[in-house]
Amino acid sequence: MTLGIKRSFKLAKPGACLLVMVAVSMLAPAAFCADGTCLTLKAAAQVEQDSVRLSDIATVTGPSQSRVKAVGSTIVASSPQPGQTRFVGVDYIRIRLKQAGIDTSSMIFKGPSDVKVTRQAAVLPIQRIQHAVEMAIRSRMPWRNEDVTISEVELDETIQLPTGRLSYRIEPSRNEDYLGRTIVALHLLVDGEPVRKVWVNATISVMADVVTVIRPLGKHAYIQLADLSVERRDISDLSSETVSRIEDAIGNRTTRMIYPHTVLQSSMFASPPLVRRGDIVKIVANSGPMIITATGVVKQQGGKGEMVRVVNTDSNRIITARVTGPGAVEVNF
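Source: prediction; values computed, not measured. (Residues numbered from 1 in each chain as written. Predicted model: local features only at pLDDT ≥ 70, side-chain atom pairs only at ≥ 80, totals over all residues. Heavy atoms only, no water.)

A. How the structure looks around the overall build of the chain. Each helix and strand counted, the chain has five helices and 22 strands in total. With 333 residues in all, the chain has 35% of them scored as buried. Counting contacts in the chain only where the partners sit at least 6 residues apart, residues at least 24 apart contribute 55% of the total. Carbon together with sulfur atoms contributes 53% to the accessible area of the chain, which is approximately 20,500 Å² in total. (Helix = DSSP H or I, 4+ residues; strand = E, 2+ residues; numbered from the N terminus. Buried < 20%, exposed > 50% of the residue type's maximum accessible area, 1.4 Å probe, protein only. Contact = heavy atoms within 4.5 Å. Areas by Shrake-Rupley, 256 points an atom, 1.4 Å probe, with all protein chains shown as cover.)

Rendered as structure tokens:
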């Protein structure tokens, strides 16, 4: 006896058939997402690089891994500045994908319509930079290290940079005298690429010997050793004409009234005149190995090294000669 299995099929009614079709149509997007490329956008994302790739702000799925990788690596926006935020919308993403040659007609987009993109920022190592600036100044300044104090090294501490390996280059200003308030250029680089140039301020104080006056000196007074003293002062606020050696001032005549405790400057005194108008002087003319002398009459007063007019009594000609000492002038042929 042969046993058989009897299967019977019952035709569905027209109404039941319609319900099946509706159910299939409702499941179609999910089924299509499984077969095609599906993008699920994130509500927020953080990036580190200059550009935003689709994989940074969305989860890309699909049956073809090569297509998923190609779509995910597509640049869809520029990143905001470090520490800043921008929004990238789904419509903009579609445009950027089309510009990249990717067909979006069969893609499914899920999630929010806008993604909040924040770029990570690196914090400047302020103390390390301040130390580097001080070392750069000390390596270039003409002063002794023990005489110098560098303070108030200041820069914009709110600067935010891209993340990565930070390096920098410090450049002082041209013709920098390294006295008082100083400005240096700080070039910031991330992963070897220049990203920012900022200015750093610093105050340089230098202690040095200066000559001061200890008692009143009238105009045209001869300066003597007893009139002067040497003190240690911060020269960052003093004139470049400040006198540092007493011997440079002794024997000269003041050109103005000088009061006690005044820091002496070279413009406050001048060499006393060695010749005056009407003085008889010896004229020495050098011409190679030969020396010629003559007598002359000075037409104006002058100090050592100054040029004066002299009348040669032999020829009665007026010449210009350099004062070399009391009663002596020199002419070079």
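B. Inspection of the nonpolar core at higher detail. Ranked by size, the top nonpolar core spans 29 residues in total, and within it L124, V133 and L186 carry the most contacts. Taken together, the elements giving at least two residues each to this core come down to α5 (126-140), β10 (148-154), β13 (180-190) and β14 (193-213). Among the elements that make up this core, the one with the highest residue count is β14 (seven residues). Leaving out residues up to four positions away in the same chain, L186 has contacts with I129, L155, Y168, R169, I170, R196, K197, V198 and V200. The next biggest cluster of nonpolar side chains, apart from the first, holds 22 residues, and it includes V76, V90, I102 and M107. (Core = buried A, V, L, I, M, F, W, Y, C linked by side-chain atoms within 4.5 Å.)

C. Seen up close, the sheet that holds strand β19 (residues 290-298). Taken in spatial order, the five strands line up as β18-β19-β20-β21-β22 and close into a barrel, and their pairing is mixed. Across the sheet, the axes of successive neighbouring strands diverge by a mean angle of 50°, strand direction being ignored. Two strands pair when backbone bridges link them, and strand β18 (residues 280-287) and strand β22 (residues 328-332) are joined in this way by five bridges, in the parallel orientation. Of the residues in β22, the one forming a bridge with K282 is A328. (Pairing = 2+ DSSP bridges. Axes fitted to C-alpha atoms, helices over the stretch in contact; angles between N-to-C directions.)

D. Expanded view of the sheet that holds strand β4 (residues 58-61). An order of β4-β1-β7 is seen for the three strands of this open sheet, with the pairing classed as mixed. Two strands close off the open sheet at either side, each with one partner strand: β4 and β7 (108-110). Each neighbouring strand pair of the sheet contributes to a mean axis angle of 15°, computed without reference to strand direction. Where strand β1 (residues 38-41) lies against β4, four bridges are found, and the strand directions are antiparallel.

E. Examining helix α4 (residues 90-99) more closely. Of the residues making up α4, those classed as buried are V90, I93 and L97. Taken around the axis of α4, the buried residues stretch over an arc of 50°, which confines them to a single face. In α4, the exposed positions angled more than 90 degrees off the buried face are occupied by D91, K98 and Q99. For α4, the elements touching its buried residues are β1, α2 (54-57), α3 (65-72), β5 (75-78), β6 (85-89) and β7. Trailing α4 by a residue or two, G101 shows a phi angle of about 85°, which is positive. (Arc of directions from axis to C-beta.)

F. α3, seen in detail. Of the residues making up α3, those classed as buried are V68, V71 and G72. For α3, the buried positions fall inside an angular range of 95° around the axis, keeping them on one side. Exposed residues lying more than 90 degrees from the buried face of α3 are S66 and K69. Residues of α3 that are buried sit in contact with β1, β3 (51-53), α2, β4 and α4.

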